[in-house]
Amino acid sequence: MERRLAAIVCADVAGYSRMMSADEEGTHAAFKAHRSAIYPIILNHGGRLVKNTGDGFLLEFPSVVGAVESAIAMQGLMAERNQNLPVDRAMQFRLGVHMGDVIADEDEVFGDGVNIAVRLEAVAAPGGVAVSAKAYTEASKHLSVPLVDAGSHRFKNIDETVDVWTWEPDGSNTRARQPRGAADLPSQYRTAIVGVLPFANLSDGADEYFSDGLTEDLIHALSLQSFYRVLSRNSTFAFKGKNLSARLIARETDATYLIQGSVRRSGSKIRVTAELIAPEKGEQLWTGRYDRNMGDLFALQDEITTDLSAALAPEIYRAEASAPARSSSADLTAWDRFLRGLSHYYRQTKPDFEAAIACFREAMALDPTLAIARSYLGTILVQGVQYGWIKSTRQLWAEAMGLAESSVRLDPRSSFAFSILAYVHAMEGDYEAALGAAKRAVELNPYDMGACGVLGFCHLVVGEHRQAIELFSMAVQKGTSDPRYQWAALNAFSHYSLRQYDASLSWAREALYLNSTHLQVLAVRAAALAQMGRTEDAAKAAEVLLSSFPGLTVERHLRNFRWKNPADIAHYREGLVKAGVPSTKLTLVASNSQLKSNC
């Protein structure tokens, strides 16, 4: 055992017994959800959980400032979580904070330092914080919110009176009521929260393991994304078999989106259905059905998990992009700026690209550690060049590389960050680095079809087109709605390089449905038509290309193509020239006689 000075926070729930008598399971689930929500705040202030106490918990902090700031931040977050709940379901903590000598025995702490914190918790108002004078004296000069002198108190089994200072959410000072509102919380607290409910087994009980296993695998697959948070298995399996509305479950778990589904078997066939819902509005955002033949159940489970993850992840991105800001327009956070940029990016127009770039830059300025804003900005710069909307310069490519590298440093578990790094390396002609980054992206998240497709792009630039097409096709089949990845355009190039011009034209047509002025797709379409001997159609295609991008030449266009195989470049150049795209810019010089006649 050892003695040490520590700051102790004790918490319990006001009216917990009453709430338990009315609804045991619902109250317990809500308490666990709230406790999970505030846990990052505890960690961010250097605290640790000593123990749970049924209706509360005990925390230890090395700094009394961290303890008091954490307590106030927790109550601010709880006020937000309770804001839209009925009075009888709002759960309010009372928090007591004291600094003193404690006895540490393994992970437990004992002594008057703990006992006083426990007594202070009883003094605190529901939703408020009570701080001993000793703790307040040490912390007050570092606090950004005022506390109120609540006088002296005598506590049971404590010899001396304790002077108490309190903070309450209903105080006269606005900052005291909400010391750390939604606009001030770190961005990771405000990302979307996704809950995967246990898939219902509609067959006999023998298939229960398959539906549960599928749910667990999907939780794991979705959790590998860094864009949103995914509730743990324990959080959602608590609702298995309970006839509760999605809205109630979302409020108990704080989920922004819920995924629910069913598994049904008939003979040798199995059907899995799933839907993504926004529970507060009751909207069905996506639905899917997968029919498969029974075989190796583990392989089948993995296949369906991959399909579900690939389909759901971009739909969550899309839903968040169209969601309203979670802060007021006058005080947008870095995350809100990022989401606003994302909403412009999904519209895929030149003005929206420009607006998205501005928003992503603002998000980075507000929070330089927001890796995903850097990843998206790098993506949009590269795509803008490929679309012909942004001028290709050495400065742009240097910035794109810097964004990709910093994204990986800031979020080394993000498959998206490694994907954009691989893409930029490939565009710059650094083939080994590109393949290494792409393989790392796939290792981090084998369910990320974007990472698989970027690996295909690396095969494209080194001339391995059949492998590229295989990966592009898989990405298209499993995840078609994400504009970060232009699989149709890339397929058009790989098929062209294999001299499969009909297929190249089909993919080009598909890409132009989404963006009718895509520079690179217009170019490869003209080249493919020319190689097929369709001279008139090729000329018309070249005319469309040049009318959209006056001044374009073959050599200028090919500056952005650093394919490893010179034969691939030569073959593409040949098709462009055959179609009538000028090789170099022509400069007309008038003769002396013409100059004289015009005078």
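Residues numbered from 1 in each chain as written. Predicted model: local features only at pLDDT ≥ 70, side-chain atom pairs only at ≥ 80, totals over all residues. Heavy atoms only, no water.

Quick look at the overall build of the chain now. In terms of regular secondary structure, the chain is built from 25 helices and 14 strands. With respect to the principal axes defined by its C-alpha atoms, the chain has extents near 110 × 75 × 45 Å. The burial tally for the chain puts 53% of its 599 residues in the buried class. Contacts in the chain between residues at least 24 apart in sequence constitute 65% of all its contacts with a sequence separation of at least 6. When the accessible surface of the chain is totalled, it reaches about 26900 Å², and 50% of it is carbon and sulfur. One way to put it: in the chain the 62 positive side-chain charges average out to a point 7 Å from where the 68 negative ones average out. (Helix = DSSP H or I, 4+ residues; strand = E, 2+ residues; numbered from the N terminus. Buried < 20%, exposed > 50% of the residue type's maximum accessible area, 1.4 Å probe, protein only. Contact = heavy atoms within 4.5 Å. Areas by Shrake-Rupley, 256 points an atom, 1.4 Å probe, with all protein chains shown as cover. Lys, Arg positive; Asp, Glu negative; His and termini not counted. Charge placed at Lys NZ, Arg CZ, Asp CG, Glu CD.)

Moving on, we get to helix H13 (residues 371–387). With 17 residues, H13 should cover 24 Å at 1.5 Å per step; its first-to-last C-alpha distance of 24 Å lies within 8% of that length. Counting buried positions along H13 gives 17 out of 17 residues, so the element sits mostly inside the fold. Taken from the residues just after H13, Gly388 is the one with a positive phi, measuring 90°. (Expected span 1.5 Å × (residues − 1).)

Okay, the packing of aromatic side chains next. Remark: the centre distance and the inter-plane angle together describe each pair of aromatic rings, the angle taken between the planes. Summed over all chains, the structure comprises 24 aromatic pairs. Ring plane angle 10° and centroid distance 4.0 Å describe the contact between Tyr136 and Trp165, whose orientation is recorded as stacked. Highlighted residues: Tyr136 in helix H5 (residues 133–139) and Trp165 in strand S8 (residues 162–167), separated in sequence by 29 residues. By relative accessible area, Tyr136 is classed as buried at 18%. Seen from their ring centres, Phe493 and Tyr572 are 5.4 Å apart, and the 85° between their planes marks the pair as edge-to-face. Here the residue Phe493 occupies a position in helix H19 (residues 487–497), and Tyr572 occupies one in helix H24 (residues 566–579), the gap between them amounting to 79 residues. We note that Phe493, like Tyr572, is buried. Positioned over the ring face of Phe416 is Arg484, at 4.3 Å from the centre of the ring. (Phe/Tyr/Trp six-rings, centres within 6.5 Å; stacked < 30°, edge-to-face > 60°. Lys NZ or Arg CZ within 6 Å of the ring centre and 35° of its normal.)

Per the stated rule, a full pass over the model turns up 18 salt bridges. Between Arg534 and Asp537 there is a salt bridge, and its shortest N-O distance comes to 3.1 Å. Given the relative accessible area of 32%, Asp537 is considered partly exposed. Through salt bridges with shared partners, a single ionic network connects Arg4, Arg48 and Glu60. (Salt bridge = Lys/Arg side-chain N within 4 Å of Asp/Glu carboxyl O.)

Below, the discussion takes up a nonpolar patch on the surface. A contiguous nonpolar patch, built from Tyr39, Leu43 and Leu49 and spanning about 250 Å² of accessible area, is present on the exposed surface. Checked against the element boundaries, Tyr39 lands in helix H2 (residues 24–44). With relative accessibility at 38%, the residue Tyr39 sits in the partly exposed group. (Patch = residues over 30% accessible without salt bridge, like charges linked within 9 Å, V, L, I, M, F, W, Y side chains within 5 Å.)

On to the packing of H13 against helix H14 (residues 394–410). Two elements in contact, H13 and H14, have axes separated by 8 Å at closest approach and are oriented at 150°. Classified by the interaxial angle, the pair formed by H13 and H14 is roughly antiparallel. For the crossing formed where H13 meets H14, the hand is left-handed. The segment H13 lies against H14, with Ala371, Arg374, Ser375, Leu377, Gly378, Leu381, Val382 and Val385 engaging Leu396, Trp397, Glu399, Ala400, Leu403, Ser406, Ser407 and Leu410. A breakdown of the residues in the contact of H13 with H14 according to their chemical character gives 10 nonpolar, four polar and two charged. (Axes fitted to C-alpha atoms, helices over the stretch in contact; angles between N-to-C directions. Parallel < 35°, antiparallel > 145°, perpendicular 65-115°, else oblique. Left-handed = near helix turned anticlockwise from the far one by under 90°. Nonpolar A, V, L, I, M, F, W, Y, C, P; charged D, E, K, R; others polar.)

For the rest of this paragraph, the subject is the side chain of His557. With respect to the helices and strands, the residue His557 is situated in helix H23 (residues 554–558). At a separation of 2.8 Å, a polar atom in the side chain of His557 contacts the side chain of Tyr572. Setting aside chain neighbours within four positions, we find His557 in contact with Leu519, Gln520, Ala523, Leu552, Tyr572 and Leu576. (Polar contact = N/O pair within 3.5 Å; in protein donor to acceptor, adjacent residues only side chain to side chain.)

What you see with strand S9 (residues 193–196) is no split at all: Ile193 and Gly195 on one side and Val194 and Val196 on the other are buried throughout. As judged from the two bridges shared by S9 and strand S11 (residues 229–230), these two strands associate in the parallel manner. By the bridge assignment, Val194 is partnered in S11 with Val230. One ladder, built from three bridges, connects S9 with strand S12 (residues 257–266); its direction is parallel. Paired with Val194 across the strands is Tyr257, a residue of S12. (Pairing = 2+ DSSP bridges.)

This next bit is on the side chain of His34. Take His34: it is sitting in helix H2. Once residues within four sequence positions are removed from consideration, His34 is found in contact with Met78, Arg81, Asn82, Met91 and Phe93.

Let's shift gears to helix H7 (residues 208–223). Here H7 spans 23 Å end to end across 16 residues, near enough to the 22 Å set by a 1.5 Å rise per residue. Within the span of H7, buried status applies to Phe210, Ser211, Asp212, Gly213, Leu214, Thr215, Leu218, Ile219, Ala221 and Leu222.

As a further point, take the environment of Asn515. Looking at the secondary structure, you find Asn515 in the loop between helix H20 (501–514) and helix H21 (519–531). Owing to a relative accessible area of 8%, Asn515 belongs among the buried residues under this scheme. Asn515 sits 167 residues away from Gln348 along the chain, and the two C-alpha atoms are 7.7 Å apart. Discounting chain neighbours no more than four positions away, the residues touching Asn515 are Tyr387 and Trp389.

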